[in-house]
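A look at the structure
Spelled out from the first residue to the last, the chains are:
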Amino acid sequence: MPQPIVLSFIQAKQLLKARAAKAETALASPDLGISMVEVTIADSGAIFPGGECLSWDDATTIAAEETRCFVLEHGRIKPIQIYSEETDRFYSLMPTEGAPTLLISGIPMHRIKGTDPYKDTLSKVRTIAPIRGRVLDTATGLGYTAIEEAKTAEQVITVEFDPAALEIARLNPWSRRLFDNPTIEQRIGDVFDVVQDFADGSFSCILHDPPMFSLAGQLYSGEFYRQLYRVLKRGGRLFHYIGDPSNTSAATVTRGAVRRLQEAGFTRIVRRPEAFGVVAYK
Ligand SMILES: C[S@@+](CC[C@H](N)C(=O)[O-])C[C@H]1O[C@@H](n2cnc3c(N)ncnc32)[C@H](O)[C@@H]1O
């Protein structure tokens, strides 16, 4: 099935610039920077290979929107955003110069200041490298951590609470491997409950990348950490994203999380400020 064209203000501005320069063609990305194609600059709009046309009015609309990406299909644009009745929150795909991030009620789910979501993902996954065996990825989001873990793991089980987040991921070109990689198994549910289904010692690594404490407090609780400890193999590693350690409230949350991880049984806990989290060893 052909993939839909997904655009942000970055491509829209490039195309408008090409039109202003009276160019006949321009190179533009149909998938938020993953690949480039030659686009015809016509009076009616920018025409992509395959015939899809972005009108100049729509290009101007997209160029003015820095917090949402758009799908272009059948000559119409549609913002990538969803209201979730499940959580009473708005989900949208926000562009960056690299991979886009997921906004939940306006809060980015990846680091974007001084870095980008892909580099952020690499910094998290590297804290528990080498990743082998069976991996639990507690919060799917756009699937970036699951996709990265699946490059070396035997199996990745990734859990997402809100189907709205997965709907956004389905439209995100950077999330495509989440849906076609047989190494990744997706579960829908609250990981607080789902984790109880797993046998003791059944994962070699766990990557815990929850929303911030104020959005998902139970995922920072002693009760949840005891479950993570139980399902981790002896010698296994847990990375827990917490937040910018130089921020006072994240530093407070980190201190509490470290204490509760120790109480849950983790023998060694190492702060990894470069990844805004901690690694706990069993
Ligand atoms: C920081 S994002 C995860 C980013 C993800 N690791 C990635 O690489 O794109 C957090 C995700 O956790 C989801 N979430 C929130 N509460 C949850 C829960 N109780 N169980 C599972 N997922 C949850 C949110 O909907 C959001 O998609």
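Given the structure is predicted, the values throughout are model-derived calculations rather than measurements.

**So, the overall build of the protein chain**
- When helices and strands are counted, the protein chain shows nine helices and 18 strands.
- In summary, the protein chain has a C-alpha radius of gyration of 21 Å against a globular reference of 19 Å for 282 residues, a match within 12%.
- Within the span of the protein chain, comprising 282 residues, buried residues form 40% of the whole.
- Intrachain contacts of the protein chain at a sequence separation of at least 6 include 57% that bridge at least 24 residues.

**Here we look at the site of the ligand**
- Around the ligand lies a shell of 21 residues, among which Ala139, Gly141, Leu142, Tyr144 and Phe161 are the nearest.
- Listed by contribution, the elements that provide at least two residues to the shell around the ligand are helix H4 (144-149), strand E13 (155-160) and helix H7 (191-194).
- Considered class by class, the residues forming the shell around the ligand number 13 nonpolar, four polar and four charged.

**A word on helix H8 (residues 222-231)**
- Along H8, the residues that are buried comprise Phe224, Tyr225, Leu228 and Val231. Along the long axis of H8, the arc covered by the buried residues comes to 130°, so they all point the same way.
- Where H8 is buried, its residues contact strand E12 (134-137), H7, strand E15 (203-208), strand E16 (232-241) and helix H9 (248-264).

**A closer look at the sheet that holds strand E1 (residues 5-7)**
- What the three strands build is an open sheet, ordered E1-E6-E7; its pairing is antiparallel. Only two strands of the sheet have a single partner each, and these edge strands are E1 and strand E7 (76-79). Averaged over all pairs of adjacent strands, the angle between strand axes in this sheet comes to 30°, irrespective of strand direction.
- Across three bridges, E1 lies against strand E6 (residues 70-73) in antiparallel orientation. Bridging from a neighbouring strand, Ile5 pairs with Leu72 of E6.

**A word on the domain arrangement of the protein chain**
- By the assigned domains, the protein chain splits into domain 1 (5-79) and domain 2 (109-281).
- Distance between the C-alpha centres of domain 1 and domain 2: 35 Å.

**Description of the nonpolar core**
- Counting residues in each nonpolar core, the largest one holds 75 residues, and the members touching the most others are Leu7, Leu15, Leu102, Val135, Ile168, Ile206 and Leu228.
- A total of five residues in this core trace back to one element, the largest contributor, which is helix H5 (residues 163-171).
- Counting only domains with at least three residues in this core, you end up with domain 1 (5-79) and domain 2 (109-281).
- The contact partners of Leu7, leaving out residues within four places of it in the chain, are Ala12, Ile62, Cys69, Phe70 and Leu72.

**So, the packing of H8 against H9**
- H9 packs onto H8 with a crossing angle of 50° between their chain directions and a minimal axis gap of 9 Å. Taken together, the axes of H8 and H9 lie oblique to each other. For the pair H8 and H9, the crossing hand works out as right-handed. Contacts between H8 and H9 involve Gly222, Tyr225, Arg226 and Tyr229 on the former and, on the latter, Arg260, Leu261, Glu263 and Ala264.
- In the contact of H8 with H9, the residues fall into four nonpolar, one polar and three charged.

**Focus on the pairing of strand E18 (residues 277-281)**
- In the sheet, E16 pairs with E18 via five bridges, with the strands oriented antiparallel. What sits directly across from Phe239, in E18, is Val279.
- Here strand E17 (residues 268-272) pairs with E18 via five bridges, running antiparallel. By the bridge assignment for E18, Arg272 is matched with Gly277.

**Focus: the pairing of E13**
- E13 sits mainly inside the fold: five of its six residues count as buried.
- Relative to E13, E12 runs parallel, the two being bridged by four bridges. Each residue of the ladder has a partner; that of Arg134, found in E13, is Gln155.
- For E13 and strand E14 (residues 184-188), the ladder comprises five bridges, and the chain directions are parallel. What sits directly across from Val159, in E14, is Arg187.

Cut-offs and rules
- Each chain carries its own residue numbering, running from 1 in the direction its sequence is written.
- Where totals are concerned, whole chains, interfaces and linings use all residues; where local detail is concerned, this predicted model gives features only for residues with pLDDT of at least 70, and gives and counts side-chain atom pairs only at 80 or more.
- Numbering of helices and strands runs from the N terminus, with a helix taken as a DSSP run of H or I at least four residues long and a strand as a DSSP run of E at least two residues long.
- In this description the radius of gyration comes from C-alpha coordinates, and the expected globular size is given by 2.2 Å times residues to the power 0.38.
- Exposure criterion: with C-beta atoms placed from backbone coordinates, a residue whose C-beta has 20 or more other C-beta atoms within 10 Å is buried, one with 12 or fewer is exposed, and one in between is partly exposed.
- Whether two residues are in contact depends on their C-beta atoms, placed from the backbone: they are in contact if these lie within 7 Å.
- For each residue, a C-beta atom is placed from the backbone, and the residue counts as near a molecule or strand when that atom lies within 6 Å of it.
- Ten residues, namely Ala, Val, Leu, Ile, Met, Phe, Trp, Tyr, Cys and Pro, are considered nonpolar, four, namely Asp, Glu, Lys and Arg, are considered charged, and the remaining ones, Gly among them, are considered polar.
- It is the directions from the helix axis to the C-beta atoms whose arc is reported.
- We treat two strands as partners when DSSP finds at least two bridges between them.
- Angular values range over 0 to 180 degrees, each being the angle between N-to-C directions of two axes fitted as lines to C-alpha atoms, with helices fitted over their stretch in contact.
- These domain limits were set by an automatic method or by a database of domain assignments.
- Here, a nonpolar core means buried Ala, Val, Leu, Ile, Met, Phe, Trp, Tyr and Cys residues linked by C-beta atoms lying within 7 Å of one another.
- Any angle between 65 and 115 degrees counts as roughly perpendicular, while under 35 counts as roughly parallel, over 145 as roughly antiparallel, and the rest as oblique.
- Helix crossings are classified by the rotation of the near helix relative to the far one: an anticlockwise turn of less than a right angle makes the crossing left-handed, while a clockwise turn makes it right-handed.

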